[in-house]
Amino acid sequence: MRMDTNSMNEIKRRGRFAFYALRSTSAGFTLIEMMISVFIFSLILLASTGAVFAVVSANANNQALQSVTNNLNFALESMVRTIRLGYNYQCGNDVTQPNCPLTEAAMNSADKSEFIFRDSASQEVHFRLSGNTIQKYYNGQYLDMTSPEVEVTRLAFFVNGVGVNQDWPNVIIVVRGQFKYKNRTIPFSVETMASQRR
């Protein structure tokens, strides 16, 4: 180790232990510096861990909400697909009036919540609102199409174009309600249309 003149003079002045004292003070960190460094590092680690937990929690919430949304999307897509390939459309049980067009009065009416038709296999199919659940009648029984987390408050079917001179009847489906997730309710309103493809 090469030393300058001032360091050599200091060693001569202090005696034989001065070399070790001079060396220990000139290299490394003191205990206080180490404690402050560990404290600052701990604060940074604590803050970043809290942020990671918040991101993981938000991701879990979003995935659960996405699952509920997918349930409604699947039910609507299944309804539209079945209706497109069906025939003999009618609103409710009134066979004499198969058309029930979308009007302001019809939008506020509660009697359009059931839709009956025959599917591509000539089976009678019903879609209806039972309580807060969308149900499908097929092969003699009603089956729930939506989960309990999807609370449907309004389901309406509006049929237009059924008759001798109309080749492509269509059905407008209106669904309103709310998603229930933990202590939150998120309202939704969906309208879709299915045209006969037969």
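Here, every reference points to the structure presented above.
All of these numbers come straight from a predicted model, not from anything done at the bench. Counting of residues starts from 1 at the beginning of each chain's written sequence and follows it residue by residue. Per-residue local features of the predicted model are confined to residues with pLDDT of at least 70, and side-chain atom pairs are confined, for both listing and counting, to 80 or more; whole-chain, interface and lining totals are unaffected and use all residues. Heavy atoms throughout the structure, all of them, feed into the side-chain values; hydrogens and water do not.

## Brief notes about the environment of L129
Here is step 1: Working definition: helices are DSSP H or I runs of at least four residues, strands are E runs of at least two. Numbering for both runs from the N terminus. Considering the arrangement of structural elements, one finds L129 in strand β3 (residues 124-130).
Here is step 2: Think of it in three bands: residues with accessible area under 20% of the maximum for their type are buried, residues over 50% are exposed, and the middle band is partly exposed, with areas taken using a 1.4 Å probe on protein chains only. Overall, L129 belongs to the partly exposed group, its relative accessible area being 21%.
Here is step 3: Between the C-alpha atoms of L129 and V152, which are 23 residues apart in sequence, the distance is 7.8 Å.

## A few points about the sheet that holds strand β7 (residues 170-181)
Here is step 1: Following DSSP output, two strands are said to pair if at least two bridges run between them. In spatial order, the strands read β6-β7-β8; together these three strands make up an open sheet with antiparallel pairing. Looking at which strands have only one partner, the edges of the open sheet turn out to be β6 (150-160) and β8 (184-195). Pairwise comparison of adjacent strand axes, ignoring direction, gives a mean angle of 10 degrees for this sheet.
Here is step 2: By the bridge criterion, 12 bridges tie β7 to β8 in an arrangement that is antiparallel. When the sheet's bridge partners are listed, K180 is paired in β8 with T185. A fitted line through C-alpha atoms represents every axis, and for helices the fit uses only the stretch in contact; the resulting angles, taken between N-to-C directions, go from 0 to 180 degrees.

## Side note on helix α3 (residues 31-84)
Here is step 1: By this rule the span expected of a helix is its residue count minus one, scaled by 1.5 Å. Helix length check: α3 (54 residues) gives 78 Å between terminal C-alpha atoms against 80 Å at 1.5 Å per residue, within 8%.
Here is step 2: Along α3, the residues that are buried comprise L65, V68, L72, A75, L76, S78, M79, V80, T82 and I83.

## As for the sheet that holds strand β4 (residues 133-138)
Here is step 1: Spatially, β1-β2-β3-β4-β5 is the arrangement adopted by the five strands of the open sheet, whose pairing is antiparallel. Each edge of the sheet is formed by a strand with only one pairing partner; in this case those strands are β1 (87-91) and β5 (141-144). Sheet twist, expressed as the mean angle between neighbouring strand axes with direction ignored, is 20 degrees.
Here is step 2: Where strand β2 (residues 114-118) and β3 come together, five bridges link them in antiparallel fashion. In the strand pairing of β3, F117 is matched with V125.

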